[in-house]
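# Topology and contacts: notes
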Amino acid sequence: MSHADRPTASLETLRLRARLLAATRAFFDARGAFEVDTPLLSADRVIDSHIDPFEVRPADSPSSSPLYLQTSPEFAMKRLLAAGAPAIYQLGKVFRAGERGTRHNPEFTLLEWYEPAASEAEIMSTTEQLVRTLVALAPERRVAALAADCAAPFIRTTYSELFQSFCGFDPLITPTPKIEAVARAQLGDSVPASLAPDDRDGWLNLLLTERIEPYLGQEDGPQFVTEYPASQAALAQTRLRPDGAVVAGRFELYWLGLELCNGYHELTDPVELRRRIATTSQERARNGLPPLPQDSGLLRAMEAGLPPCAGNAVGFDRLVMRIVGARTIDEVIPFPLDRA
């Protein structure tokens, strides 16, 4: 067998990966959730302007509209919740175009789950329990250190606290020109020339990626980031803080500088979803991209009645990376894009 045909992950790692997959399913089965298996190919696509799906146009499709390889099972899973499903989870492949690097592969494994009536804090607690459960299966050379890293309750830090600590300003109230000025002063020539002066979230994301993320979840173990700006809510609800700031009911978990998950207190209002679809479509148009579909199965499910719920999406490959101590995603999957 040629080198180009061999798997990039060792067989030892792939055996451990299989154990971690089984343990994940056992974890949710024991909690009373059941596994679902939704379509990989659908007319729906997520509304995040920074995530692009692969388009597919089946020859036998009766519609001229494209279908999409799903970037997340979110829409279909929420349709199941609207139909009366209790706690559910899915563990399988998803696809994202244009994502290839040491931490990205266009095809990857995602764990996603939803719990009706759950709070954002409860989903974070479930995430902690899951990580500790899987860490116990780590290779013998790593299990003690990882268990110690995860022994204490995971740190929970707000988005605002991080920016005030690392960048010296409150991202919820600081004017965009000031944010741009800080970014240019701190990042210099690494600022992309394509970033528009009025792209507030673009400047915040740049600072988060370059100045903050590498330091998250380092010395004190895994770290949750909470209360993102309302403009970055995606499909999360927003809420008013006691100080008057509006924030998203959204969190992410970082471990040794690597983002592992993205969780929401889920949006259930179809009117607000329509507004966000329109806003994101306008943003895409400004960037020369086609608009989003104005209708979707999720929108119809919300109109029928999506129950209050919260959920989380965990990049399973990235979690395996942390458990085995891998530096790249290629070390924990058998055949990345270059060898698929």
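Residues numbered from 1 in each chain as written. Predicted model: local features only at pLDDT ≥ 70, side-chain atom pairs only at ≥ 80, totals over all residues. Heavy atoms only, no water.

### Regarding helix 8 (residues 270-286)
Helix length check: helix 8 (17 residues) gives 25 Å between terminal C-alpha atoms against 24 Å at 1.5 Å per residue, within 8%. Within helix 8, burial applies to Pro-270, Glu-272, Leu-273, Arg-276, Ile-277, Thr-280, Ser-281 and Arg-284. Along its buried surface, helix 8 packs onto strand 9 (238-240) and helix 9 (297-305). You can read the cap of helix 8 off the contacts: a side-chain oxygen lies 3.0 Å from the backbone nitrogen of Val-271, and it is on Asp-269. Count one or two residues on from helix 8 and you reach Gly-288, which has phi positive near 75°. (Helix = DSSP H or I, 4+ residues; strand = E, 2+ residues; numbered from the N terminus. Expected span 1.5 Å × (residues − 1). Buried < 20%, exposed > 50% of the residue type's maximum accessible area, 1.4 Å probe, protein only. Contact = heavy atoms within 4.5 Å. Polar contact = N/O pair within 3.5 Å; in protein donor to acceptor, adjacent residues only side chain to side chain.)

### A look at the pairing of strand 6 (residues 107-116)
Of all 10 residues making up strand 6, eight are buried, and the element is well covered by its neighbours. Inspection of the sheet shows strand 5 (residues 88-95) paired to strand 6 by eight bridges, in the antiparallel sense. Across the sheet, Ile-88 pairs through a bridge with Tyr-114, a residue of strand 6. Bridge analysis of strand 6 against strand 12 (residues 309-315) gives seven bridges, and the strand direction is antiparallel. Each bridged residue has a counterpart across the sheet, and for Glu-112 the counterpart in strand 12 is Ala-313. (Pairing = 2+ DSSP bridges.)

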